[in-house]
Amino acid sequence: MHNTTTISPEQTLIELGHDDLVKLYRKEHEWHNLLVEQFGLSSASELPSLPQPYMLAFDRATLCYETGTGKYGKGFAEAVLDVDAENPWFWCHFLGDPVMPGSQGLDGFLQLTGCWAFFSAGVYGRARALDGSYAYSGQILPWHKKVYYRMDVHKFLKKKRLLYFDGHIAVDRPDNIIYRFGVG
């Protein structure tokens, strides 16, 4: 388990541990306070969050905002899930055929993208996936060890609160890509 990370708006690289992710779904992270101050938000419903642990799709994340990084030079995010045969989707998705649903992988990818947007301090509120393409060429099973997420920012329009991105999910090795997501 990682301790909660101290974060400042000037950072170009943010490491999020388990405690940070818990605070995000509870809307208790120090970053929430910064958003309230910056945008004058008064309602908890306006604050971004992550799903509760049952649906959270990764254990730790790295968010990079440094210009010139990522596939398009506009930043990227990476996350890792330590697979455990006791993960909820393995025992509730298909009885006798345990597999992580492809939609859970897609949701995890979008959770990571939402984290990147949230910590950019330029986007707040509820996020929705509006467009894009995806392709599955593998699956995540209980005996796998790790799931690797990678998201590259293609375009970020802060005033419109729009983020365009692509990326992938890999299993057991960062180069063993099984899901791809695009910008449309």
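This text follows the structure it describes.
Everything in this summary refers to the structure shown in the same document. (Residues numbered from 1 in each chain as written. Predicted model: local features only at pLDDT ≥ 70, side-chain atom pairs only at ≥ 80, totals over all residues. Heavy atoms only, no water.)

**Describing the overall build of the protein chain**
Counting secondary structure elements, the protein chain contains four helices and seven strands. Each helix and strand of the protein chain, ordered N terminal to C terminal, gives the series β-α-α-β-β-α-α-β-β-β-β. Per-residue burial for the protein chain yields a buried fraction of 43% across its 184 residues. For the protein chain, long-range pairs separated by at least 24 residues make up 65% of all intrachain contacts whose partners lie at least 6 apart in sequence. When the accessible surface of the protein chain is summed, it comes to about 10,000 Å², and 51% of that surface belongs to carbon and sulfur atoms. (Helix = DSSP H or I, 4+ residues; strand = E, 2+ residues; numbered from the N terminus. Buried < 20%, exposed > 50% of the residue type's maximum accessible area, 1.4 Å probe, protein only. Contact = heavy atoms within 4.5 Å. Areas by Shrake-Rupley, 256 points an atom, 1.4 Å probe, with all protein chains shown as cover.)

**Here's the deal with helix 2 (residues 30-39)**
Taken residue by residue, helix 2 has Trp-31, His-32 and Leu-35 as its buried positions. Viewed along the axis of helix 2, the buried residues span an arc of 105°, placing them on a single side of the element. On the buried face of helix 2, the contacting elements are helix 1 (18-26) and helix 4 (102-119). Remark: Gly-40 follows helix 2 within two positions and exhibits a positive phi of approximately 65°. (Arc of directions from axis to C-beta.)

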